[in-house]
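What the coordinates show
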Amino acid sequence: MSLLAERPTVEILEHLSAVARGATGHAASAAALELAAEVAPAGRRRLLTLAAADAQLAGEHRRAAELLRRAAATGEQMRAPLVGEAVAAARREMARGRHRAAAHRLGSIATGLWETGAIRRLPAVLALRSWALARSGDLSGAAGDADQAIALAPLTGDHQAVTRAHHTRILLTVLRDEAGTGLYAVPEKWRAEPEESDPVCIGLALLADLALGRPGGPEAAGPAAEFLPDLLECRLVRNRALSPGELATLHGLTRSSATPIAANAWRVLGLTVPDGAGDCFARAIRLHALMELPFDHARVHLSYGERLRRDGDRRASRDRLRFARDAFRDLGAAPWLARAERELGGTVQTRVQIGLTPAEYEVARIVATGVSTREAAAHLFLSPKTVEFHLSKVFRKLGVTSRAQLAHVFPVLSRA
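Residues numbered from 1 in each chain as written. Predicted model: local features only at pLDDT ≥ 70, side-chain atom pairs only at ≥ 80, totals over all residues. Heavy atoms only, no water.

1. Some points on the overall build of the chain
To keep things clear, this is the line we draw: Comment: elements are numbered from the N terminus, with helices defined as DSSP H or I runs of at least four residues and strands as E runs of at least two. To sort residues, take the accessible area from a 1.4 Å probe on protein chains only and compare it with the maximum for the residue type: under 20% means buried, over 50% means exposed, and anything in between is partly exposed. Per-residue accessibility takes into account occlusion by the displayed protein chains alone, with areas from the Shrake-Rupley method and a 1.4 Å probe.
From N to C terminus, the chain includes 23 helices and zero strands. Going through the 416 residues of the chain one by one, you find that 48% of them count as buried. For the chain, the exposed area adds up to about 19,300 Å²; of that, 55% sits on carbon and sulfur atoms.

Here's what the structure looks like:
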């Protein structure tokens, strides 16, 4: 006789429900748990509650509500595990940038909630874990947890969990949006009424703008604290410089007790300081050595490579940009990968540069893509007047008289 056959019927049914759940068969899992509750001498409330959760995840919402009602009708007491301190500890890990460790801790909490049938806190834990997984680079795991949190939350009435899980879904779109629509992945209501907006969604909208290289549009107000460096980067790109007050804010953020914010602030500072940029980026990289944020780490190298290229050190720029490109590829962060590859293209030494200064070459390269003078100026941190000055010299040296001619001539010369 097998070991499974020797086990009590309830235990066998619970085992079968776990197997079905692992194969995404939530409806079958619910059926096994409901049957177990029928024959169990005790613990019926826990079994019916778990069956309700599985039915909810299977999309059988009416059945889930009925199972939950039957669970309450048993009158059994069901002690929920105390998870408050464990969740707080996970949040402290995230404040230090240790998102992988936080996700592991939250996974243990979620397992405990499943085992005891205490599903009321489960959507919140899954939503928080989905954010930790996304930030630590496990995008598929993050999507799964976010979807489960969104599915379970109506059963438990946890509307905040839905909001937090949607944050993760928007972050995933910003990171890997292959359609190039990251900016519009943020619901319009969060962009049209910033005074009533969710601060995290405002911050994610800023990140989407930066991914697509177009931080124009209306000024965002009130992003969550972790996105303040991104807000200042958008202003830097749009205005080509930061005001003294904005620089003071950025310097203050480098002293943040939240390590990810401090590292991101050092990165943005490296883009704007006239001298000492290398030290700023080195500080950001040292902080990332203590954290588990591969996307943020790649952004440091992307920004460092952009700065080195603007400063004329193409060889060092290529090393940084290749690191960023490879990291974004590993993450599946399509828009960021495209941005890194565009920057890498600008470091290639080509024969078109014979007769053009580095500044003229950069202006020609950007304008040849079809962008406006203002857009080119924002990308290169120059004034529109300076772009037009360089462009007039490019036209004369290359023997062209229009941007359309430049778009045709420049790629040919670049491959010569």
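2. Notes on the side chain of Arg365
Spelled out, the test is: Polar contact is the term for a pair of N or O atoms within 3.5 Å; when the atoms are in protein, one must be able to donate a hydrogen and the other to accept it, and sequence-neighboring residues count only if both atoms are side-chain atoms.
In this fold, Arg365 is placed in helix α20 (residues 358-367). One polar contact links Arg365 to Glu362, side chain to side chain, over a distance of 3.2 Å.

3. Side note on the packing of aromatic side chains
The test is simple: Working definition: a ring pair exists when centres of Phe, Tyr or Trp rings (six-membered ring for Trp) sit within 6.5 Å. Plane angles under 30 degrees give stacked, over 60 give edge-to-face, the rest tilted.
Applying the stated criterion across every chain yields a total of four aromatic pairs. Between Phe281 and Tyr304, the aromatic rings sit 4.5 Å apart at their centres with planes inclined by 15°, giving stacked as the arrangement. Of this pair, Phe281 sits in helix α16 (residues 277-288) while Tyr304 sits in helix α17 (residues 294-310); the two residues are 23 residues apart in sequence, bridging distant segments of the chain. Each member of the pair, Phe281 as well as Tyr304, carries the same accessibility label: buried. Judged by centre distance (5.9 Å) and plane angle (50°), the ring pair of Phe295 and Phe328 falls under tilted. Placement of the pair is Phe295 in helix α17 and Phe328 in helix α18 (residues 314-331), with a sequence separation of 33 residues. The pair Phe295 / Phe328 is uniform in exposure class, with both members buried. One aromatic cluster is present, formed by Phe295, Phe328 and Trp336 through successive ring pairs.

4. Comments concerning the packing of helix α3 (residues 26-39) against helix α4 (residues 44-57)
Note the following rule: A fitted line through C-alpha atoms represents every axis, and for helices the fit uses only the stretch in contact; the resulting angles, taken between N-to-C directions, go from 0 to 180 degrees. Angular relationships are summarised with four words: roughly parallel below 35 degrees, roughly antiparallel beyond 145, roughly perpendicular across 65 to 115, and oblique for the angles in between. Left-handed is the label given to a crossing in which the near helix is rotated counterclockwise from the far helix by less than a right angle, and right-handed is the label when the rotation is clockwise. Here, two residues are considered to be in contact whenever any of their heavy atoms come within 4.5 Å of each other. When residue character is reported, Ala, Val, Leu, Ile, Met, Phe, Trp, Tyr, Cys and Pro are called nonpolar, Asp, Glu, Lys and Arg charged, and the others, Gly included, polar.
With their axes 8 Å apart at the nearest point, α3 and α4 run at an angle of 165° to one another. Judged on the interaxial angle alone, α4 and α3 are roughly antiparallel. Crossing of α3 over α4 shows left-handed handedness. Listed contacts from α4 to His26, Ser29, Ala30, Leu33, Glu34, Ala36 and Ala37 of α3 are Arg44, Leu47, Leu48, Leu50, Ala51, Asp54, Ala55 and Leu57. Among the residues forming the contact of α3 with α4, the class breakdown is 10 nonpolar, two polar and three charged.

5. A short note on the pattern of salt bridges
We count it as follows: Every case where a carboxyl oxygen of Asp or Glu lies within 4 Å of a side-chain nitrogen of Lys or Arg is listed as a salt bridge.
If you walk through the whole model with that rule in mind, you get 32 salt bridges. Here Arg70 and Glu34 are joined by a salt bridge, their closest N and O atoms 2.7 Å apart. Highlighted residues: Arg70 in helix α5 (residues 61-73) and Glu34 in helix α3, separated in sequence by 36 residues. For Arg70, a relative accessible area of 22% gives the class partly exposed. Between Glu343 and Arg309 there is a salt bridge whose closest N-O contact spans 2.6 Å.

6. Some remarks on the packing of helix α6 (residues 84-95) against helix α8 (residues 122-135)
At a minimum axis distance of 12 Å, the contact between α6 and α8 shows a crossing angle of 20°. As judged from the angle between their axes, α6 and α8 are roughly parallel. α8 is crossed by α6, and the crossing has left-handed handedness. Mapping the contact onto sequence places Val87, Arg91 and Met94 in α6 and Val125, Leu128, Trp131 and Ala132 in α8.

7. Observations regarding the layout of surface pockets
So the rule is basically this: Grid spacing is 1 Å over the protein atoms alone, the probe is 1.4 Å, and a cavity is where that probe fits but cannot get out, while a pocket is an open set with protein on both sides within 12 Å along at least five of seven lines and lining residues have an atom within 4 Å of a point. Grid points are joined across faces, edges and corners, and a volume is the space filled by probe spheres set on the points.
Estimated volume of the second largest pocket: approximately 390 Å³. Every residue lining the second largest pocket is counted, 16 residues in all, and those nearest its centre are Arg91, Met94, His99, Trp131 and Glu226. At four residues, the largest contribution of residues to the lining of the second largest pocket is made by α8. Residue composition of the lining of the second largest pocket, by class: nine nonpolar, three polar and four charged.

8. Comments concerning the nonpolar core
Which entries qualify depends on this criterion: We define a nonpolar core as any set of buried Ala, Val, Leu, Ile, Met, Phe, Trp, Tyr and Cys residues linked to one another through side-chain atoms lying within 4.5 Å.
Residues Leu122, Phe328 and Trp336 are the most contacted members of the largest nonpolar core, which totals 76 residues. Per-element accounting of this core gives the leading share, nine residues, to α8. Setting aside its immediate chain neighbours within four residues, Trp336 contacts Val174, Leu175, Leu207, Leu210, Ala211, Phe295, Arg299, Leu302 and Phe328.

9. Describing the confidence of the model for the chain
How we decide: Confidence per residue, as judged by the predictor, is encoded in pLDDT with a range of 0 to 100.
On average, the chain scores 84 in pLDDT, and the residues at 70 or more come to 84%. Confidence over residues 1-7 falls short of pLDDT 50; this stretch has five contacts with residues more than four positions distant or in other chains. A low-confidence stretch, residues 178-196 stays under pLDDT 50, and its non-local contacts, those more than four residues away or across chains, total 32 contacts.

10. Re α20
The element α20 is extensively covered by neighbouring structure, given that eight of its 10 residues are classed as buried. All of the buried residues in α20 are Glu360, Tyr361, Glu362, Val363, Ala364, Arg365, Ile366 and Val367.

11. Thoughts on empty space enclosed by the protein
What the rule picks out here adds up to two cavities of 30 Å³ or more. If you add up the space inside the largest cavity, you get close to 140 Å³. Forming the boundary of the largest cavity are 14 residues, of which Arg135, Glu226, Phe227, Asp230 and Asp296 lie nearest the centre. Elements that contribute at least two residues to the lining of the largest cavity include exactly α8, α12 (199-211), α15 (259-272) and α17. Partitioning the lining of the largest cavity into residue classes produces eight nonpolar, one polar and five charged. What the second largest cavity holds in volume is close to 50 Å³.

12. A few points about the environment of Lys393
Checked against the element boundaries, Lys393 lands in helix α22 (residues 384-398). A relative accessible area of 23% means that Lys393 is categorised as partly exposed.

13. As for α12
Just so we agree on the cut-off: A helix is expected to reach a length of 1.5 Å times the quantity of its residues less one.
Compared with the 18 Å implied by 1.5 Å per residue over 13 residues, the 19 Å span of α12 between its first and last C-alpha is a close match. Counted residue by residue, α12 has 12 buried out of 13 residues, so it is predominantly covered. Taken together, the buried positions of α12 are Val200, Cys201, Ile202, Gly203, Leu204, Ala205, Leu206, Leu207, Ala208, Asp209, Leu210 and Ala211. Put simply, Asp198 is the residue that caps the front of α12, since its side-chain oxygen is 2.9 Å from the backbone nitrogen of Val200.

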